[in-house]
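# Residue-level structure breakdown
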Amino acid sequence: QVQLVESGGDLVQPGGSLRLSCAASGFSLENYAIGWFRQAPGKEREGVACITSSGGGRYYADSVKGRFIISRDMSENTVYLQVNSLKPEDTAVYYCAAGLWATLAEDYEHWGQGTQVTVSA
C-alpha cells in the first residue's frame, strides 16, 4: 500500500524556517519522482518543488526559488522540503506527491494529507 505522510508544519514568524518531511511507505523513492505542493485558503493548489526519481534533478517554482530546498534521505525513504526566509504568503497546507515524472503540475498518482504551515508575526 502506497502511503505518503507529511509532517513538520508549524506556526512560524516571518523570516523563519521549517523542515517539512514526506515519509514514504509501500514503495521505494528510487522508483518515483516526488513533488511538493501547497494550497492557501481561497487559492488553487500550486507546485513549489520536485525531485526526480534519480535524485539528480531538482526544480522550483519562481516564487520559492532560492528560499526552498528539496532533498531526500534514501535510507529513511523520506523527502524533505527546507523552507527558509518564510513570508506570510507562504502560509498554506503543504502536500507531497509521488509519480513517474518530476513536474510542478498536478500529474502525480499518490498524495499525502498535508501539513499546515502558518507564517505570522
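Above this text you will find the structure in question.
What comes next concerns the included structure. Just so we're clear, the structure is a prediction, and the values are computed from it rather than from any experiment.

The subject of this paragraph is unusual backbone geometry. Despite not being glycine, Asn-77 has its phi angle at roughly 55 degrees, a positive value. Turning to its location among the elements, Asn-77 is positioned in the loop between strand S7 (68-73) and strand S8 (78-83).

This paragraph deals with the sheet that holds strand S1 (residues 3-7). A sheet is described by the order of its strands in space; here four strands give the open sequence S1-S3-S8-S7, paired in antiparallel fashion. Each having just a single partner strand, S1 and S7 make up the two edges of the open sheet. Direction aside, neighbouring strands of the sheet carry axes that sit 20 degrees apart on average.

What follows is about the pairing of strand S9 (residues 92-99). The two faces of the sheet receive side chains in turn, since in a regular strand these alternate between them. With seven of its eight residues buried, S9 lies for the most part within the structure. Pairing of strand S4 (residues 33-39) with S9, which is carried by seven bridges, proceeds in the antiparallel orientation. Note on S9: the bridge partner recorded for Gly-35 is Ala-97. Across three bridges, S9 lies against strand S11 (residues 115-119) in antiparallel orientation. Bridge pairing links Val-93 to Gln-116 in S11. Where S9 and strand S10 (residues 110-111) come together, two bridges link them in antiparallel fashion. Counted as the bridge partner of Ala-97 is Trp-111 from S10.

Here we take up the nonpolar core. Judged by nonpolar contacts, the single largest core of 30 residues is most densely connected at Trp-36, Ile-70, Leu-81 and Tyr-94. Within the residue set of this core, elements represented by two or more residues are strand S3 (18-25), S4, strand S5 (46-51), S7, S8, S9 and S11.

Right, let's talk about the environment of Gln-116 for a bit. The topology assignment puts Gln-116 in strand S11. Put simply, Gln-116 and Arg-72 are 44 residues apart on the chain and 20 Å apart in space, counted from C-alpha to C-alpha. When residues no more than four places from it in sequence are discounted, the contact partners of Gln-116 are Gly-9, Asp-10, Thr-91, Ala-92 and Val-93.

Cut-offs used in this document
- Residues numbered from 1 in each chain as written.
- Predicted model: local features only at pLDDT ≥ 70, side-chain atom pairs only at ≥ 80, totals over all residues.
- Heavy atoms only, no water.
- Helix = DSSP H or I, 4+ residues; strand = E, 2+ residues; numbered from the N terminus.
- Pairing = 2+ DSSP bridges.
- Axes fitted to C-alpha atoms, helices over the stretch in contact; angles between N-to-C directions.
- Buried < 20%, exposed > 50% of the residue type's maximum accessible area, 1.4 Å probe, protein only.
- Core = buried A, V, L, I, M, F, W, Y, C linked by side-chain atoms within 4.5 Å.
- Contact = heavy atoms within 4.5 Å.

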